[in-house]
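# Coordinate inspection notes
In case you want the letters, here they are:
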Amino acid sequence: MKILLFIILLVFISGCVQQTEIREITIPGHANQVYVFSFDIRESIKVKAPDEAAVRNLLRTDSINILYNGTNEQDLAYFNVALFNIREKLRTFYTYDGILLKFYPFYYTANELVNFSNASISNPTIEIRGPNTGATETSVTINNATVLVQGTSSRNLQLAADRLVLAVFDIDEKKIEALARSLR
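Residues numbered from 1 in each chain as written. Predicted model: local features only at pLDDT ≥ 70, side-chain atom pairs only at ≥ 80, totals over all residues. Heavy atoms only, no water.

The 6 strands lie next to each other as β5-β4-β3-β6-β8-β7, forming an open sheet whose pairing is mixed. The sheet terminates laterally at β5 (113-115) and β7 (139-143), the two strands that pair on one side only. Strand-to-strand, the axes of this sheet are offset by a mean angle of 25°, without reference to chain direction. In this sheet, strand β8 (residues 146-150) lies alongside β7 in antiparallel orientation, the contact comprising 5 bridges. Looking across to β8, one finds that Ile142 is bridged to Val147. Set on the sheet, helix α4 (residues 73-95) makes contact with β3 (63-69), β4 (102-108) and β6 (125-129); between it and β3 the angle comes to about 170°. (Pairing = 2+ DSSP bridges. Helix = DSSP H or I, 4+ residues; strand = E, 2+ residues; numbered from the N terminus. Axes fitted to C-alpha atoms, helices over the stretch in contact; angles between N-to-C directions. Contact = heavy atoms within 4.5 Å.)

Given below as structure tokens:
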């Protein structure tokens with residue numbers, strides 16, 4: 001009987017200590033705009049992103065190319081979710097600075113590069129890779145004018161997409177912890 005009571009008490013206490021997820025943030029100067037993320041942003045911020053400032057500076061523009069491998073249907077579905085989240089958050093974010101952000105999609109197959117809009121591939125580019133199209137890790141990295149967002153699963157790809165957005169928003173672990181403290 002004492003063991004059962006102890007287990008019930010332990011379950012109750014662990015439920016009280018559990019942290020509330022943080023999936024929504026507001027940014028000063030953005031009116032009452034709420035940015036909603038796929039997962040707790042404390043998970044997203046853990047995704048490897050070694051050069052956030054370079055990512056933020058590169059993507060501070062009015063046009064960005066999106067590049068992806070169009071050969072795998074499962075990854076295409078993952079890309080739709082991740083890219084929708086990236087596009088909508090960044091468009092809204094930049095609107096508050098008077099920038100009307102445009103995205104130009106490109107995809108490649110084994111034989112060709114398809115350009116949907118006749119845009120120049122010279123714009124800054126976000127390349128996205130999924131578990132079936134070359135992702136080797138879950139990360140946000142930069143090489144020249146290309147930001148590579150990759151995830152080794154659907155969930156990891158969404159975390160990486162959210163990590164890219166957090167980098168552009170200049171949200172780091174300290175800001176997230178301050179937000180978490182304010183929610184307690």
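That was the structure; now back to the text.
Over its 15 residues, helix α5 (residues 154-168) extends 22 Å from the first C-alpha to the last, a length consistent with the 21 Å expected when each residue adds 1.5 Å. By the criterion of burial, α5 is predominantly enclosed, with 12 of the 15 residues buried. Three or more residues of α5 are buried, namely Leu157, Gln158, Leu159, Ala160, Ala161, Asp162, Arg163, Leu164, Val165, Leu166, Ala167 and Val168. Looking at the buried positions of α5, the neighbouring elements they touch are α2 (41-44), α3 (52-58), α4, β6, β7 and β8. Of the residues flanking the end of α5, it is Asp170, one or two places downstream, whose phi is positive at about 60°. (Expected span 1.5 Å × (residues − 1). Buried < 20%, exposed > 50% of the residue type's maximum accessible area, 1.4 Å probe, protein only.)

Here we come to the side chain of Asn123. Residue position: Asn123 is located in the loop between β5 and β6. Overall, the relative accessible area of 18% leaves Asn123 in the buried class. Among all residues touching Asn123, those that are not within four sequence positions of it are Ser63, Asn65, Tyr104 and Ala145.

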